[in-house]
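Secondary and tertiary structure notes
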Amino acid sequence: MKFTNLMKPLALAAAAVVAFAPTADARELKVGSYEPESHYLVEFAYKRYFDEITRRTNGELTFKWFHGGTLVKAPQTVDGLKSGLVDIVVTTGIFTQESLFPATHVMTLPFQFDSTVEANHVFQKMYNENEAVQAEFEGLVPLGFHVSDFFNLHIHKDVEPVRTLEDLQKLEIGAFSKSGVTYSELLGATPRNIKLEDLYVSLQRKAIDGIWFPTAPMIKWKMTDHTSNHSLVGGPFVMIPMTMAQPVWDSLTDEQRQIFKDMENELTNFTAALVDNRRGSSVAKMEGRGDTIIRLDADEKAKWVAQAQPAYDTWFALMEEKGIDGQALLDNVRAYTAEFKGMDYTPADWWGDDW
């Protein structure tokens, strides 16, 4: 019998349930997620990841899910891990507690990355090679490194595209995040702080000229009804690594810890591939209908970075206050970014092929 692409992962999952039913020595770990169970990262990446862990441990480790913030919401994830309330969080909300991760947030300084694959692997290397970043994760063990989709500029169909920094001047740009408002102001636009649920109507009524919005879900949110000029500038994003509580990690066997280590790169790749592919699919659909897609060249991007320098200056001052060499951290990010520029993901068998 020949399986369709959709049937293959289902069949494999069913086989895994039979072949790796919990043994007498099985241990069940609590997994917290503030995303709904239907979220594409949960459905395609995280569930399959834990199924593969169970398979590779021969059923020694199993997992009990708490979806949709039923155990920990985003601002509670770090404390929940450290207190023992939850064993693993799939997207740890370190962005909600920036004061605990100031050095790590060098990653979020504006306009540094072109792809999520690139950003995820820079994040991974920053953690693995920088003591200042590692120190901020005390009590937590990252299992995979992930950042959200980038917020890009999407301009109303009746407004000229933003090809250069000068084109952005005085345009009214809506944003539902603090960083979007801040960057609009730094770049010379007129910021409008608008609730997420009100962005569509604001575009429809032409109350704003454009929005900061992640590109991957643009079509799903129907923002493309009123935007047709898209500047892929690699704007704000948040870091959402998968982490395990340190005491839980310490309680695992050497063999179990090695399995998690072996899968770190695979998980880092998969989350990036999902986001990049969804963004790419959205861009292709928008381009296919005749929309204008703009990607900044190196010289133009340098102008945007220079204009956003106050955001860098604020972060440098914070690093100096904490006795951390901020310039060295930023230099590392830039060196790693150059190393991973243009990188593509490497798939693993457990991903399946229906995502």
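Summarised in this report is the structure supplied together with it. Residue numbers restart at each chain and count upward from 1, following the sequence in its written direction. Residues qualify for local features only when their pLDDT is at least 70, as the model is predicted, and side-chain atom pairs are given and counted only at 80 or more; totals for whole chains, interfaces and linings, by contrast, use all residues. The basis for every side-chain value is the complete set of non-hydrogen atoms in the structure, without hydrogens or water.

1. Topic: helix α2 (residues 40-56)
Look at α2: 23 Å from first C-alpha to last across 17 residues, which is about the 24 Å you get at 1.5 Å a residue. For α2, the principal kink sits at Y46 and spans about 30°. Classification of residues uses two cut-offs on accessible area relative to the type maximum, computed with a 1.4 Å probe and protein chains only: under 20% is buried, over 50% is exposed, and between them is partly exposed. Put simply, DSSP H or I for four residues or longer makes a helix, DSSP E for two residues or longer makes a strand, and each gets a number counted from the N terminus. The buried count for α2 comes to 12 of 17 residues, which makes it a mostly enclosed element. Among the residues making up α2, those that are buried are Y40, L41, V42, F44, A45, Y46, R48, Y49, F50, E52, I53 and T54. Looking one or two places after α2, you find N58, whose phi comes out positive at around 55°. What a helix should span is 1.5 Å times the count of its residues minus one. The term bend refers to the angle at a residue between two fitted axes, each drawn through seven residues, those ending there and those starting there.

2. A word on the pattern of salt bridges
For this analysis, a salt bridge means a side-chain nitrogen from Lys or Arg found within 4 Å of a carboxyl oxygen belonging to Asp or Glu. In the structure shown here, the tally under the stated rule is 16 salt bridges. In this structure, the salt-bridge partner of R56 is E266, at a minimum N-O distance of 3.3 Å. Taken as a pair, R56 in helix α2 and E266 in helix α10 (residues 254-288) lie far apart in primary sequence, 210 residues in all. Residue class for E266 comes out partly exposed when judged on its relative accessible area of 21%. Notably, a salt bridge pairs K303 with E300, separated by 3.8 Å at the nearest N-O pair. With a gap of three residues between them, K303 and E300 both fall in helix α11 (residues 298-307), about one helical turn apart. E300 gets classed as buried once you look at its relative accessible area, which sits at 9%. Residues joined in a network through salt bridges with shared partners are E52, R55, R56 and E266.

3. With respect to unusual backbone geometry
In this structure, F111 takes a positive phi of about 65° despite not being glycine. With a phi angle near 60°, K206 is a residue other than glycine that sits in the positive phi range. Looking at the secondary structure, you find K206 in the loop between α8 (199-204) and β8 (210-214). According to the relative accessible area criterion, K206 is exposed, its value standing at 51%.

4. What to know about the packing of α2 against α10
Helix axes use the C-alpha atoms of the stretch in contact, all axes being lines fitted to C-alpha atoms, and the angles between their N-to-C directions lie in the range 0 to 180 degrees. Two elements in contact, α2 and α10, have axes whose closest approach is 11 Å; the angle formed by their N-to-C orientations is 160°. Classified by the angle their axes make, α2 and α10 are roughly antiparallel. Both α2 and α10 take part in a crossing whose hand is right-handed. Contact with α2, carried on its side by Y40, L41, F44, A45, Y46, Y49, E52, I53 and R56, involves I259, F260, D262, M263, E266, L267, F270, T271, L274, V275 and R278 of α10 and no other residues of that element. Looking at side-chain class alone, the contact of α2 with α10 contains 14 nonpolar, one polar and five charged residues. Should an angle lie under 35 degrees it is considered roughly parallel, over 145 roughly antiparallel, and from 65 to 115 roughly perpendicular; all remaining angles are considered oblique. Put simply, a crossing is left-handed when the front helix is turned counterclockwise from the back one by less than a right angle, and right-handed when it is turned clockwise. Contacts are assigned to residue pairs with any non-hydrogen atoms lying within 4.5 Å of each other. Note on residue classes: Ala, Val, Leu, Ile, Met, Phe, Trp, Tyr, Cys and Pro are nonpolar, Asp, Glu, Lys and Arg are charged, and everything else, Gly too, is polar.

5. Examining the packing of helix α12 (residues 309-321) against helix α13 (residues 326-340)
Contact geometry of α12 with α13 gives a least axis separation of 9 Å together with a crossing angle of 130°. Classified by the angle their axes make, α12 and α13 are oblique. Counted together, Y312, W315, F316 and M319 of α12 and G326, Q327, L329, L330 and R334 of α13 form the full contact between these two elements. Along the lines of polarity and charge, the residues of the contact of α12 with α13 split into six nonpolar, two polar and one charged.

6. Focus: the side chain of H226
Structurally, H226 is set in the loop between β8 and β9 (227-232). Using a relative accessible area of 12% as the deciding quantity, one classes H226 as buried. Those residues within four positions of H226 in sequence are excluded, and the remaining contacts are I155, H156, K157, Y200, L203 and Q204.

7. Structural notes on the pairing of strand β7 (residues 190-193)
On a regular strand, one side chain projects to one face of the sheet and the next to the other, so that they alternate. Note: strand β6 (residues 172-175) against β7, four bridges, orientation parallel. Across the sheet, A175 pairs through a bridge with N193, a residue of β7. Strands are labelled as partners when DSSP assigns at least two bridges between them.

8. Considerations on the side chain of T91
As for its position among the elements, T91 is in the loop between β3 (88-89) and α4 (116-129). Since its relative accessible area comes to 0%, T91 is described here as buried. Setting aside anything within four residues of it in sequence, one finds T91 in contact with Y34, E35, Y46, I240 and P241.

9. Comments concerning the nonpolar core
With 92 residues, the main nonpolar core has Y49, W212, F260 and W304 as its most contacted residues. Here F260 is in contact with Y49, I53, L61, F63, L143, M244, W249 and L252, once residues within four sequence places are set aside. Residues I194, L199, I208 and M223 belong to the second largest nonpolar core, which totals eight residues. Buried Ala, Val, Leu, Ile, Met, Phe, Trp, Tyr and Cys residues form a nonpolar core when they are joined through side-chain atoms within 4.5 Å.

10. A short note on the sheet that holds β7
What the six strands build is an open sheet, ordered β7-β6-β8-β5-β9-β11; its pairing is mixed. If you trace the sheet from one side to the other, it starts and ends with β7 and β11 (292-295), each paired once. Each neighbouring strand pair of the sheet contributes to a mean axis angle of 30°, computed without reference to strand direction. Contacting β6, β7 and β8, helix α7 (residues 178-186) crosses the sheet at an angle of about 165° to β7.

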